[in-house]
Amino acid sequence: MFSTFDSNNTFLASYFWNISQNVSREKHRTSRSGIAGCITPGGDVFLPHAGRPLLGCEKLLLQGIPFFRLLLGNETEVQLGDLAGNAMSLTVVNATILAAMTCAQLRIEHENSGKKNISDTLKLLSKNSNQSDTASDIRSMEIDQDSVHTSSASDTKTLFRDLSQLASEAIKSSIWCTCETSGRTSRTTQFIQCRICSVACCRDCCHIDQGYQLDSHDVKDVCLTAEEHDPSSFEMKLRSIMPASLMLSAEGVAAIAATAKDKYRVAGLTKCTYSLHQIKQSRMKWIAIYYARDSNTSETLAELRIVVGELDRKTDNSDQILGVQCELTSFVPAKREPFEYGEMDVCATARQCSGEKEMVWKVRETNGTTTLSVAGSNPSPSFRIQVGLNDVALEGQRKATKTQHKAFAAAKSLGEERRWLYVKNWKEWPQDITVAGCSKLAGEYNRVGCQQTVNQSACWVRKQASNMPELFILLKPDVGRTGPDVAIISSSNNYLDSSSILATFPLDWQPSDALNEKKHSVEVSTSNWKALSMQCSAFTNAFTVESPPKSDGSSLLVKMNGLLESDINDLCCRDDESGVQEVVRLNVHRGAKAQQTVRRFNLLCVADILKHAAENGLKYDMGLNSSWNIIEPKGVPFGCCLVTIPPRPTESWSYDTEREVWERTSEPGASRKYFLALKSAPQCFNFVADRKKRSLSIECLPEVAAHHCAYGLIEGRGGGLEKQVSVDFRLLSVQEDPVLDRFRLHNCHDLPETHVELKGEYELYERQKKAVTKMTRIENGQVDFEEIEMNEQAMPGATGWSLLARAKRMTKLRGGVIADAIGAGKTVISIAIILQGIKDARNNRSFPRKSSATLVVVPPGLIDQWKKEVQKFTDSLPKVLCIYDDNALKRYTAKEFLEADMVICPVDILESNGYMARLARVAAGVKDAKEVPQLPKETGQVEKNGASGVWIPATSQDPFGGGNNPRSQQRRNESAYFTHIYHDYIRKLREKKFEQHEKGLPLEYFEWERVFIDEIHECLCTSKDEMKEAKASKDNDSGFFKEKNRRAGREFLGITTKDTSKRPLVFRRAIFGLTATPLLDSTNRVIELANLMGNAYVIGLSSHWRNLERESGRDIFLSNFLEPKQSREIRKNIYSKCQDYLDRACCKNKNEEDMEGIEKVHVHETVNMSEEEGVLYKKSQSGMTVPSYSTKVEDFDVTAGHDISKFLRRNANLVSRGKKLVEICKNIISQEGNERTKIIVFADGRIGAGNVARDFLMQEKDLGCTWLDEADTVQEKNKKLGWYQYADVTEEDKNRPRVLVLHFEHAAGLNLQAECNNLILFTPLYGGEGGTSGDVVADVSTEMQAIGRVFRPGQPKSKVYIYRIEVKGPNGEECLDGQLIRRNTDKATEQMAVNADD
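Keep in mind the model is a prediction, meaning the values are calculated, not measured. (Residues numbered from 1 in each chain as written. Predicted model: local features only at pLDDT ≥ 70, side-chain atom pairs only at ≥ 80, totals over all residues. Heavy atoms only, no water.)

1. Notes on unusual backbone geometry
Phase 1 of the analysis: The peptide bond linking Glu 337 to Pro 338 adopts the cis configuration, its omega dihedral lying at -5°.
Phase 2 of the analysis: Examined against the element boundaries, Pro 338 turns out to sit in the loop between α10 (332-335) and β13 (348-353).
Phase 3 of the analysis: In this chain, Phe 847 is followed by Pro 848 through a cis amide linkage whose omega measures 20°.
Phase 4 of the analysis: Tracing the sequence through the fold places Pro 848 in the loop between α20 (838-844) and β37 (854-858).
Phase 5 of the analysis: Phi is positive for Met 284, which is not a glycine, with a value near 60°.
Phase 6 of the analysis: Within the secondary structure, Met 284 sits in the loop between β9 (273-282) and β10 (285-293).
Phase 7 of the analysis: Positive phi is not limited to glycine here, since Glu 1015 has a value of about 55°.
Phase 8 of the analysis: Locating Glu 1015 in the fold gives a position in the loop between β40 (1007-1014) and α26 (1017-1020).
Phase 9 of the analysis: Glu 1015 sits in the buried class, given a relative accessible area of 5%. (Helix = DSSP H or I, 4+ residues; strand = E, 2+ residues; numbered from the N terminus. Buried < 20%, exposed > 50% of the residue type's maximum accessible area, 1.4 Å probe, protein only.)

Shown next as structure tokens:
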């Protein structure tokens, strides 16, 4: 489990650090690589070599529990860790059982030994066992003699010569920029490289404000061609050259063993073969790694690393050293007693530079010592000064020596005192260092100015001269930070080039010592190498690899012939224990045995298969841009195979009277049958071993992946779609990381205009006419869209191959999104679309269900506004019905609905008192309102299924890490039951027949001409923790209104129902969404938007997270088998299809011409809090160790018990803030001409800021305010809003308060510009819980929506004033307001919020 990947280098070795209490309490220096400590429920284990915590599944494996065989569900990482910790008794129990079983034998051994004491017998047995183990170790390290006789050896002189000639190509195709370290290739081939330290980055990663900062570097441009910088092509070339196995001559290994008294214990490696393990891309080089393994345990015993490319990193002023280099490292000292810890040195190396004739081998001798004079001059700032440390840091170190005196004493005993105490001249380092005392190292070393690219920015260079090569003084880091960095002299400026290190300074030497005359004399350790006679041979195995031609129609992909009988038996033993089956189908997919089989396959076959593919190719092209292969179904249409994709068991609902909850039920044993059917379903890759022929065949069945991807495209969307689906596939060996820019919405400038006649002198702008054109094309079925779904099946083993299938279906878009800027006239565009089709709509209506009306679904506060806009722009739509709630609905007959031109209803009508009861009564005859299910209280957020972005403690106080808590499944059941009953009511409702005079028919009964959804983004995304804050508030401080229950809106719109004919709202022509801030900052939101707007399928919809809202525990578990994994290639296609949908279905036109002459003036009002307020402000920072005025929202960690809500509420409730609000309002009204002006105040209702603003304004007799109360009906709220939309006419109008207080939740859609040109943001908006939970794009979008209520076309004033209140500390310190205002006014974030294409 914890075997090293690259080597036993301490930088990479797998250490196990338990940091549950404090990092400093872990005994790093005594821990052994690869040894795990005790797994406890509350343990937080960190793996330094991996840079991450130990995963829950890994903890289970350490406890001997095969997690892959457990019936796990949707457990979080913390739950898995707790399970592993609580199972720690398993190993104790097993050890006790084993001890009991051996007691009888121990008694016999004791009696036969003749010893009196049992302890003496145990010592004797241990001694005999060690001697036996030693002999066994030596034998196990030897090469399998059978393989020698069946292999042929060849000299590697030609191999190394060819590799040295590839050095230049290797550099060009290597990693040049950090963005390429994940496996992707930079989008640009233009790079920048430092002439001194050689750091390189691509042009895309070099920015002014982010990315690489290269001001301190002497850079040059490097231009590569796409062909040169093609890592996949070079890797294939390298694989075709590299042999599968290498062997070093016994004489050469013996010579290494004879050096330094076999310090590296290589004597037992004389007959080992080195098998190719990995070829990987690195910076300025490629590396091929060969491992010698124990033939019994497969344990790695030695590594032979072959480097092609840059061998020593030099400056541009020196000769470049390119070629091929071999490095032999023995791991035996770390694997066999007596154990050695720490870094494993390279024991032998060989190098052949480009142009040289042969490899030159050298062996490392015992390090020597020499005394150098190291004198510095020209003091310059030390690294500590460069990074901003000062005397305060020094004082902190001094205090630490007293408070942690035991640790300090231990450090002193190890000679590491200087890690605790700075020297007197710690602020200075020499600019120049003169080294004397050794001709090889002597010379003048000059400090270079390269910052942050070498450890501690410490690099001194000795320039190349006629007889002296270029050398460097560097600080080699202790990457684990468990020991001091150490100074070295090297021929390379890369400290990882260990064989280039010439001298190592003492641990306590620092560059500042060179400026202290008393410390100029330094005794250094020198690396000594001597010539070595070594022969390296390449082995060609007797078995062969073959693949069928491209024209072959069979399932065979690749076949290995001539395997040894022992190899075949090793592969088959887990699937044919009897050993009599001639042909064995290997299980390589699931279970512990499968993992063991795959492991043997990797060791025996992978290197040869990859080499064959690189040299000869396969019948499928595996290139990065290879063409797709078309596949036709055989009998059963793709997506309809019940063997490949077994049908899920049907579910029914039953009421548990004891717990008073509804539960899902299915037939007894149905889940197990389904699970077994899934396990036995065909796989995409099959491994078949033939004992008689001694061959292994790998079969590829692309039709399996074809069924899976087609199923995702057609499932649940109505019958007959399978006939419209086509499928193709590719076999992939390499994938690129997708380059994900932000999504962009384009304008309609290139489209023709559509003229629609409006009332009087009103006329659409040119951009509005073009928007009408785009949407009517969608409505008329003139816009094509290719729907795709993809499924990737990885081939078991280490080949890295996978088969990617793609199902496609061409369809017509049935919906679109008008995303024009705030105030650009989205409402009048919608009215124009309705007008141009009103005649057809009226002709299409028919009894009993087909209405001529367009249904307009809006936030509750916009119903009257929409009706007035219709009356303003046209007289051709006289029949407009406004459905505020259930009371309004029951006034209208079926005939009135059928003959209406427009029906306007609130998006949350399901929350309207009595509406669901009416639907249940009319559809199913339910008379008792108690039998009607209540809408779930939860809004539906992406569930936290693991630790992402924050450290989650595994403690008893928070065992679920704030993620999948015990109520998760209960919430999902509540959601599923409501949806089930709601859709059942709709089905029954549509089966009924009603008379035209009957009143109060639910809206779901009718078929509408088209549907408009205003402020569509409100239904797609939910503010962070919005519902929890609102529902938990007992004192109504949240100001929460029911119109914000977005779940009601999503249920009403049927957002998770793929079949549009079964959705609550059925339309004939099209469905359109309106929004100025679409919030398309993730693919999930685009996928959801496309699904809602006419059920356009964007790849990934079948596995969209919203499905989890209603899943059963069984289906969550089975999703491990069914849910497609998102590989790099699939992520790239998801992004491109999302952008394709936005290009075709959405438009965003700006309205600069409408805003000409209107200036937006930002006024920043600051006020200092009082000392008393400052005390309360700090006190409210719950959980903060050191409360301060500079505390940020990111400092709060909900998983650590921090409560940011108290902090936010206190910040909103500051008296100084309320007084400043009153002052601003009075100043505005006191200005000449503003006596009757109206002011809008926006506040965050979730933290009670709206109540605070209201209370301060109501305390002023001459001011006051209007407030939307929770008890107000929808009509009353619309009435209050109308007071601020229209001019004062009556005396009653003039006597009303001048200030309207709104929550940010009400920001969307209101038109307040006619009477208001002053807007105050009482508090900056923040919707997260602290840490990384905040959604800055959503917050900025909401603030922009609020500002857009007054800064929009139709604003009669030349200036619109936007006031922001910032409360500072008592002495003017920047506090939370200042941080959030800077965050929420960032230009780049504003651009993301609107997704506009500039």
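2. Here's the deal with the nonpolar core
Phase 1 of the analysis: Of all hydrophobic cores here, the largest spans 191 residues; its most connected members are Phe 601, Phe 897, Val 903, Leu 1003, Trp 1008 and Tyr 1141.
Phase 2 of the analysis: Counting residues in hydrophobic clusters, the runner-up holds 45 residues, among them Ala 170, Phe 234, Val 308 and Ala 538. (Core = buried A, V, L, I, M, F, W, Y, C linked by side-chain atoms within 4.5 Å.)

3. Things to note about the sheet that holds β40
Hydrogen bonds between backbone groups are what pair the strands of a sheet, and the pairing can be parallel or antiparallel.
Phase 1 of the analysis: Taking strand neighbours across the sheet as the criterion, the seven strands line up as β38-β39-β37-β40-β41-β36-β42 in an open arrangement whose pairing is parallel. Only two strands of the sheet have a single neighbouring strand rather than two, namely β38 (880-882) and β42 (1146-1147).
Phase 2 of the analysis: Where β38 meets strand β39 (residues 902-906), three bridges bridge the pair, whose relative direction is parallel. Directly across from Val 880, in β39, lies its bridge partner Met 902.
Phase 3 of the analysis: Relative to β40, helix α19 (residues 826-836) is tilted by about 170°, and along the sheet it contacts β36 (815-818), β37, β39, β40 and β41 (1066-1074). (Pairing = 2+ DSSP bridges. Contact = heavy atoms within 4.5 Å. Axes fitted to C-alpha atoms, helices over the stretch in contact; angles between N-to-C directions.)

4. Points about helix α24 (residues 915-924)
Phase 1 of the analysis: Among the ten residues in α24, seven count as buried, and that is most of the element.
Phase 2 of the analysis: Within the sequence span of α24, burial applies to Tyr 915, Met 916, Arg 918, Leu 919, Ala 920, Val 922 and Ala 923.
Phase 3 of the analysis: Residue Gly 925 follows α24 closely and has a positive phi angle near 70°.

5. Some thoughts on the pattern of salt bridges
Pairs may arise between side chains of opposite charge once their charged atoms sit close together.
Phase 1 of the analysis: According to the stated counting rule, one finds 67 salt bridges in the structure shown.
Phase 2 of the analysis: A salt bridge links Glu 228 to Lys 172, with the nearest nitrogen and oxygen atoms 3.3 Å apart. In this pair, Glu 228 is assigned in the loop between β7 (219-223) and α8 (231-241) and Lys 172 in helix α7 (residues 167-172), connecting sequence segments 56 residues apart.
Phase 3 of the analysis: Across the pair Glu 1374 and Arg 1382 runs a salt bridge, and its minimum N-O distance is 2.8 Å.
Phase 4 of the analysis: A single network of salt bridges, built from pairs that share partners, joins Glu 779, Glu 1007, Glu 1009, Arg 1010, Arg 1068 and Arg 1069. (Salt bridge = Lys/Arg side-chain N within 4 Å of Asp/Glu carboxyl O.)

6. Structural notes on the packing of helix α18 (residues 766-779) against α19
Phase 1 of the analysis: Viewed as axis vectors pointing N to C, α18 and α19 meet at an angle of 50°, and their least axial separation amounts to 10 Å. Relative to α19, α18 is oriented oblique. Between α18 and α19 the crossing geometry is right-handed. Only Val 828, Ile 829, Ala 832, Ile 833 and Gln 836 of α19 make contact with α18, whose side of the interface consists of Gln 768, Ala 771, Val 772, Met 775, Thr 776 and Glu 779.
Phase 2 of the analysis: Here the residues of the contact of α18 with α19 sort into seven nonpolar, three polar and one charged. (Parallel < 35°, antiparallel > 145°, perpendicular 65-115°, else oblique. Left-handed = near helix turned anticlockwise from the far one by under 90°. Nonpolar A, V, L, I, M, F, W, Y, C, P; charged D, E, K, R; others polar.)

7. Thoughts on the packing of α8 against helix α15 (residues 592-616)
Phase 1 of the analysis: Relative to each other, α8 and α15 sit at 115°, their axes nearing to 8 Å. In terms of orientation, α8 lies roughly perpendicular with respect to α15. Here α8 runs over α15; the crossing is left-handed. Taking contact as the criterion, the partners of Met 236, Arg 239, Ser 240 and Ile 241 in α8 are, on α15, Leu 610, Lys 611, Ala 613, Ala 614 and Glu 615.
Phase 2 of the analysis: Considered class by class, the residues forming the contact of α8 with α15 number five nonpolar, one polar and three charged.

8. Examining helix α35 (residues 1249-1258)
Phase 1 of the analysis: Taking burial as the measure, the ten residues of α35 include seven buried ones, the bulk of the element.
Phase 2 of the analysis: Every buried residue belonging to α35 is among Ala 1249, Gly 1250, Asn 1251, Val 1252, Ala 1253, Phe 1256 and Leu 1257, and all of these are buried.

9. A short note on the sheet that holds strand β18 (residues 459-462)
Phase 1 of the analysis: Around the barrel, which closes on itself, the eight strands sit in the order β15-β16-β17-β18-β19-β20-β21-β22 with antiparallel pairing between neighbours. Strand after strand, the sheet turns through a mean of 35° between neighbouring axes, direction not considered.

10. Focus: the packing of aromatic side chains
Phase 1 of the analysis: In total, this model carries 26 aromatic pairs according to the counting rule given.
Phase 2 of the analysis: Between the aromatic rings of Phe 897 and Phe 1006, the centroid separation amounts to 5.1 Å while the plane-to-plane angle is 40°, which identifies the pairing as tilted. Here the residue Phe 897 occupies a position in helix α23 (residues 894-899), and Phe 1006 occupies one in the loop between α25 (968-991) and β40, the gap between them amounting to 109 residues. Each member of the pair, Phe 897 as well as Phe 1006, is classed as buried.
Phase 3 of the analysis: A network of ring pairs unites the aromatic residues Tyr 892, Phe 897, Phe 994, Tyr 1005, Phe 1006 and Trp 1008 as a single cluster.
Phase 4 of the analysis: Lying across the ring of Tyr 422, Arg 384 places its NZ or CZ 3.9 Å from the centre. (Phe/Tyr/Trp six-rings, centres within 6.5 Å; stacked < 30°, edge-to-face > 60°. Lys NZ or Arg CZ within 6 Å of the ring centre and 35° of its normal.)

11. Section: the environment of Trp 286
Phase 1 of the analysis: With respect to the helices and strands, the residue Trp 286 is situated in strand β10.
Phase 2 of the analysis: A sequence separation of 38 residues divides Trp 286 from Val 324, and the C-alpha atoms of the two residues are 9.7 Å apart.
Phase 3 of the analysis: One polar contact links the side chain of Trp 286 to the main-chain carbonyl oxygen of Ala 170, over a distance of 3.4 Å. (Polar contact = N/O pair within 3.5 Å; in protein donor to acceptor, adjacent residues only side chain to side chain.)

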